[in-house]
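# Commentary on secondary and tertiary structure
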Amino acid sequence: MNLTEKDIFDLLNEKAGLYNSPDFINDDPIQIPHRFSLKQDIEIAGFLSASIAWGNRKSIVNDANKMIELMDNSPYDFVMNFTDSDLEKIPKKAIHRTFNHEDFIFFLKNFRRIYTQFESLEGVFLINENETNFYHSIERFRNHFISEKHRGQKHVSSPYKNSASKRLIMYLRWMVRKDKKGVDFGIWEKIDPKFLSVPLDVHTANISRKLGILTRKQNDWKAVEELDLVLRKYNAADPAIYDFALFGLGVSKEFE
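The paragraphs below set out a description of the structure included in this document. (Residues numbered from 1 in each chain as written. Predicted model: local features only at pLDDT ≥ 70, side-chain atom pairs only at ≥ 80, totals over all residues. Heavy atoms only, no water.)

This next bit is on unusual backbone geometry. Phi at Asn-130 is positive, roughly 75°, even though this residue is not glycine. The topology assignment puts Asn-130 in the loop between helix H7 (122–125) and helix H8 (135–145). Judged by its relative accessible area of 75%, Asn-130 is exposed. Phi at Ser-165 is positive, roughly 50°, even though this residue is not glycine. Counting through the fold element by element, Ser-165 comes out in the loop between H8 and helix H9 (166–176). (Helix = DSSP H or I, 4+ residues; strand = E, 2+ residues; numbered from the N terminus. Buried < 20%, exposed > 50% of the residue type's maximum accessible area, 1.4 Å probe, protein only.)

Take the nonpolar core next. As a rule of thumb, nonpolar side chains are buried together in soluble globular proteins. By size, the foremost hydrophobic cluster in this structure holds 86 residues, and its most contacted members are Leu-12, Phe-111 and Trp-188. What Phe-111 contacts, discounting residues up to four positions off in sequence, is Ile-44, Phe-47, Leu-48, Val-79, Leu-121 and Phe-145. (Core = buried A, V, L, I, M, F, W, Y, C linked by side-chain atoms within 4.5 Å. Contact = heavy atoms within 4.5 Å.)

As for its placement among the helices and strands, Ile-207 is situated in helix H10 (residues 202–211). Taking the relative accessible area as the measure of exposure, Ile-207 reaches 6% and is therefore buried. When the C-alpha positions of Ile-207 and Leu-249 are compared, they lie 7.1 Å apart, and in sequence the two are 42 residues distant.

On to the packing of aromatic side chains, then. Evaluated as defined, the whole model comprises 25 aromatic pairs. Ring geometry for Phe-47 and Phe-145: centres 5.6 Å apart, planes at 45°, overall tilted. In this pair, Phe-47 sits in helix H2 (residues 39–51) while Phe-145 sits in helix H8, placing the two residues 98 residues apart along the sequence. Of the residues examined, Phe-47 reaches a relative accessible area of 2% and is grouped as buried. The buried category is assigned to Phe-145, whose relative accessible area is 0%. On the basis of an interplanar angle of 15° and a centroid distance of 4.3 Å, the ring pair of Phe-125 and Phe-141 is categorised as stacked. In this pair, Phe-125 is assigned in helix H7 and Phe-141 in helix H8, connecting sequence segments 16 residues apart. Assigned by exposure class, Phe-125 and Phe-141 land together as buried. (Phe/Tyr/Trp six-rings, centres within 6.5 Å; stacked < 30°, edge-to-face > 60°.)

A few words on the pattern of salt bridges. Evaluation of the coordinates by the stated rule reveals 13 salt bridges. Residues Arg-177 and Asp-179 are paired through a salt bridge, measuring 2.8 Å at the closest nitrogen-oxygen approach. Exposure remark for Arg-177: the relative accessible area of 0% places this residue in the buried category. Taking the relative accessible area as the measure of exposure, Asp-179 reaches 23% and is therefore partly exposed. With a closest N to O distance of 2.7 Å, Arg-177 and Asp-184 form a salt bridge. Its relative accessible area of 7% is what places Asp-184 among the buried residues. Here the residues in one salt-bridge network are Arg-173, Arg-177, Asp-179, Asp-184, Asp-238 and Asp-243, joined through shared partners. (Salt bridge = Lys/Arg side-chain N within 4 Å of Asp/Glu carboxyl O.)

Of note, Asp-103 is situated in helix H6 (residues 101–115). Looking at Asp-103, the relative accessible area reads 0%, which means it is buried. Here the side chain of Asp-103 touches Asn-100 through a polar contact of 2.9 Å, landing on its backbone nitrogen. The residues contacting Asp-103, other than those within four sequence positions of it, are Thr-98, His-150, Arg-151, Gly-152 and His-155. (Polar contact = N/O pair within 3.5 Å; in protein donor to acceptor, adjacent residues only side chain to side chain.)

Here you go:
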């Protein structure tokens, strides 16, 4: 592919503009938190939806909806007021692939514990001075969220273990990005979007390699940081907008 750097980013900006629109919501897990207006409802619905975001997108949306229904369609109220008998009513089966009822209950209990300490999940993800991305922030959140050893902790990835933390990075994009396009929420006011990264899955990584803006072969945290360096040269204020572009190029199959 003989594209200049300018050609590449003209293309990425064009695709970002095309896919960063309300039409994007229709088939994406982000539609689940879009059902709500209360900040905490959006946070919980978004976190649960992002946590099971692997595999077929239709299945992800269906299974995320199941969790919302199990919370009586009021996530924050359910989290703060559920009883043992409420938890016993949750069917003892898989919710989405390896995410089962035990993992769901583990998440609910830890949401409640965090919301008794913080008004918003934003408080657990704040960026400290001299940090340039969410590497340490995600690990701090993980330490807050995992109160005890439990099988559910495998669904909260660790960049300290060199995970790309795709689902958490995607969730952070939803909560932090602000652009009035109607897709991302931008409800977290204390975190600057400049710290965001592109969620690195198989598709975004492969397109990035085909464009020549990612050379690392593994889809891990080191690859996230390599891609950061390139994308932030072209949009230092909002690098995560290129998630829409890379997603769009993957969907359109322009580079297969």
